[in-house]
Amino acid sequence: VQLVESGGGLVQPGGSLRLSCVASGFTFSRYDMSWYRQAPGKERELVAVITPIGGTTNYADSVKGRFIISRDNAKNTVYLQMNSLKFEDTAVYYCYANLRRYAINYWGQGTQVTVSS
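Residues numbered from 1 in each chain as written. Predicted model: local features only at pLDDT ≥ 70, side-chain atom pairs only at ≥ 80, totals over all residues. Heavy atoms only, no water.

Undergrad: I would appreciate a short explanation of unusual backbone geometry in the present structure.
TA: With the exception of glycine, the majority of residues adopt a negative phi angle, and the majority of peptide bonds are in the trans configuration. Even without a glycine there, the phi angle at S84 is positive, about 50°. You can see S84 is positioned in the loop between β8 (77-82) and β9 (91-99). Residue S84 is classed as partly exposed on the basis of its relative accessible area of 41%. For A103, which is not glycine, the phi torsion reads 55° and is therefore positive. Within the secondary structure, A103 sits in the loop between β9 and β10 (104-107). The class of A103 is exposed, set by a relative accessible area of 61%. (Helix = DSSP H or I, 4+ residues; strand = E, 2+ residues; numbered from the N terminus. Buried < 20%, exposed > 50% of the residue type's maximum accessible area, 1.4 Å probe, protein only.)

Below, the structure written as structure tokens:
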């Protein structure tokens, strides 16, 4: 099983980034997919989640209206479009796969996002 994130980097405030997470080794289309983030000295927090077919999404209040989570089950990929980035969005962003019914879950290795002028 692998979750491989990409797309992180350094961006100025107000800028945009698009994170991708490619999954392999499990039936991607059955899993809720989420993005979490962890800033230095803080706990890991949920950013956004999308249901297996993509019909339902939920976001942390801090990113509502700025971030969009989406998925392409044909490509086994989940995305996080991040717009209007703020200093406080700086964190390591992790991809997370969860099969709720069976309490099976997987984490990616994380990708660093740094918002700085």
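Let us keep going from here.
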